[in-house]
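Observations on the three-dimensional arrangement
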Amino acid sequence: MVQTIPVKPADVTWTDDQWKAIYASGQDTLVSAAAGSGKTAVLINRMIEKVVATENPINVDELLVVTFTNASAAEMRHRMSEALEKAIAENPTSNHLRRQLSLVNKAQISTLHSFCLAIVKQYAYLLDIDPGFRIANEAEIALLRDDVLAEVLEAAYDAEDEAHVQAIYRLVDSFTSDRDDQAIETLISKLYDTSRVHAEPQKWLWSLPKAYELADEVTIDDLELSQYVKLTVRHSLEEAFVLISEMRAITLQPDGPAPYAETAEIDFAMIQEGIRISQSGTWQELFDYFATVKWSTLKRVSKDALVNVELQELA
Ligand SMILES: Nc1ncnc2c1ncn2[C@@H]1O[C@H](COP(=O)(O)OP(=O)(O)O)[C@@H](O)[C@H]1O
Ligand SMILES: [Mg+2]
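Along every chain, residues carry numbers that run from 1 in the direction the sequence is written. Here chains are named by letter from A upward and ligands by number from 1 upward, in the order in which they appear as written. Since the coordinates come from a predicted model, pLDDT governs what is reported: local features require at least 70, and pairs of side-chain atoms require 80 or more to be given and counted, while whole-chain, interface and lining totals use all residues. Note: side-chain values were computed over all heavy atoms of the structure, leaving out hydrogens and water.

1. Remarks on the packing of helix 12 (residues 261-280) against helix 13 (residues 283-292)
The axes of two packed helices give the description: the angle between them and the distance between them. Only the stretch in contact is used when fitting a helix axis, every axis being a line fitted to C-alpha atoms; angles between N-to-C directions are given from 0 to 180 degrees. Here a helix means four or more residues in a row that DSSP labels H or I, a strand means two or more in a row labelled E, and each is numbered from the N terminus. At a closest axis distance of 9 Å, the pairing of helix 12 and helix 13 adopts a crossing angle of 160 degrees. It follows that helix 12 is roughly antiparallel to helix 13 by the angle criterion. Judged by the twist between their axes, the crossing of helix 12 over helix 13 is left-handed. Every residue of helix 13 that contacts helix 12 at Met270, Ile271, Glu273, Gly274, Ile277 and Ser278 is listed here: Glu285, Leu286 and Tyr289. The residue makeup of the contact of helix 12 with helix 13, split by class, is five nonpolar, two polar and two charged. Each angle gets one of four labels, with under 35 degrees taken as roughly parallel, over 145 as roughly antiparallel, 65 to 115 as roughly perpendicular, and the rest as oblique. The hand of a helix crossing depends on one turn: near helix anticlockwise from the far one by less than a right angle means left-handed, and clockwise means right-handed. Residues count as neighbours in contact if any of their non-hydrogen atoms are within 4.5 Å of one another. Classification convention: Asp, Glu, Lys, Arg as charged; Ala, Val, Leu, Ile, Met, Phe, Trp, Tyr, Cys, Pro as nonpolar; all other residues, Gly among them, as polar.

2. Comments concerning the domain arrangement of the protein chain
Looking at the assigned domains, one finds that the protein chain contains domain 1 (16-122), domain 2 (138-212) and domain 3 (220-314). Placing the centre of domain 1 and that of domain 3 at their C-alpha centroids yields a distance of 64 Å. These domain limits were set by an automatic method or by a database of domain assignments.

3. Points about a negative patch on the surface
Like charges are joined within 9 Å and nonpolar side chains (Val, Leu, Ile, Met, Phe, Trp, Tyr) within 5 Å, but only among residues with over 30% relative accessible area and no salt bridge; these make up the patches. Only the protein chains shown count as cover for residues, and all accessible areas are computed by the Shrake-Rupley method using a 1.4 Å probe. In the sections that follow, a salt bridge refers to a side-chain nitrogen of Lys or Arg positioned within 4 Å of a carboxyl oxygen of Asp or Glu. When charges are counted, Lys and Arg contribute as positive and Asp and Glu as negative, whereas His and the chain ends are disregarded. Positions of charges follow a simple convention, taking NZ of Lys, CZ of Arg, CG of Asp or CD of Glu. A contiguous patch of negative charge on the surface is contributed by Asp146, Asp147, Glu151, Glu154, Asp158, Glu160, Asp161 and Glu162. Among the elements that line the negative patch, the one with the most residues is helix 7 (residues 138-157), at four residues.

4. Focus: the side chain of Thr67
Turning to its location among the elements, Thr67 is positioned in strand 1 (residues 64-67). For this analysis, a polar contact is any N or O atom pair within 3.5 Å, provided that within protein one partner can donate a hydrogen and the other can accept it, and provided that sequence-adjacent residues contribute only side-chain to side-chain pairs. Looking at Thr67, its side chain comes within polar contact range of the main-chain oxygen of Thr69, at 3.0 Å. Ignoring sequence-local partners within four residues, the contact set of Thr67 consists of Ser72, Ala73, Met76, Ser110, Thr111 and Leu112.

5. Re the environment of Val60
Here Val60 lies in the loop between helix 2 (39-52) and strand 1. Summary of the burial criterion: residues with accessible area below 20% of their type's maximum are buried, those above 50% are exposed, and those between are partly exposed, where the area comes from a 1.4 Å probe applied to protein chains only. Judged by its relative accessible area of 2%, Val60 falls in the buried class. Taking the C-alpha atoms as reference points, Val60 and Ala33, separated by 27 residues in sequence, lie 25 Å from one another. Apart from residues no more than four positions distant in its own chain, Val60 is found in contact with Val51, Met80, Leu84, Gln100, Leu103, Val104 and Ala107.

Okay, structure coming up:
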C-alpha cells in the first residue's frame, strides 16, 4: 500500500522516523525506541493530527488509548489538553477544536486494566454477571483459588468412571505423603500459574504428558527430566560443599575442634565425589552414591550435640 504522508516541514524538530510514525495509517504500527526518545510525543501527535485533520477529523472520545500505569494515562491526558490548547491558540475560531477540549476529560485514556474493567461493567448483562462486581484483592483470590481446588479434587474423586477414580488416587498418592491433599493442591496451583505465562495455557498443559510417552528402549538417562533432577541435586551438593569446606577450615585452625577434622575430611571428599557423579555420572550411579553414602560428620555432630544436651539437663 502506498501511503501519502505530508512532507516534513524544515522547521520541525521531529526526526524522519518520528514523522513517519505520526502519519503512518491503514496498518498496524509498532513504535519501539529507548526511554525519553519521544514515543509518547509521537503518540500524542498522532492523536492530535487525527483530531485537527482538515479532512474527516475525529473526536477525542473516539480514540482508545491504553497505558500500563495510571501515571502515564494522566500524563497522556494532560499532554493532550495542552496540545489542544495550542491548536486552539493557532486556530481560535474552530468550534471543532473547542469541542475537543471539553471532550478530553471523557476521552478513553486509561490503563489497560481499567479499560477492561469498564468494558466488563458495561456489558455485564451479556456475561450474566452482577454489574456491581469488583476486582478481588490478593487474599480473596487465594481463598477463591482454594475453594476451586477443593471442588476440582472432590469432583475428580466422585467421578462415575471407576478407572478414572483409580487414576486420581494413583496421582494423589504419587504426590502426597500424608492424608490431606496439600501437596497435590500446591502442585496443581503451580501448574496453573506456570501455564498462565504461556500464550496458549491450555495447549501448553496438554503438551505436558508427551514428555512421559517414551519409546521402549529409552533409559532414564535419556530423559530431559533427569537432567533437571541431576542439576538440582548438584546444586544442593554444591551448597553442602560450601558448608563442609567452611567446617573443614575451622577444624584445621590452631584452636579448632580437632576431633572433627578427620570426619570433616571424609565428608569433604564424599561431597566432592557426589558433585562429580551428578555432573557426569548416570542416574544409577547417582542412586548408588546416595544409597551407600555415610554422612559421618552429620552423625557425629548430632550425636555430640545430644550428649551435650543430656549433660546439661543432668547438671
Ligand atoms: N524530535 C524531538 N526533538 C526534540 N524534543 C523531542 C523530540 N521528540 C521528543 N522530544 C521531547 O523529549 C521528551 C521525552 O519524550 P517522550 O515522548 O516523553 O519520550 P518517551 O515516551 O519515548 O519516553 C519530551 O519532552 C518530548 O517533548
Ligand atoms: Mg513515554
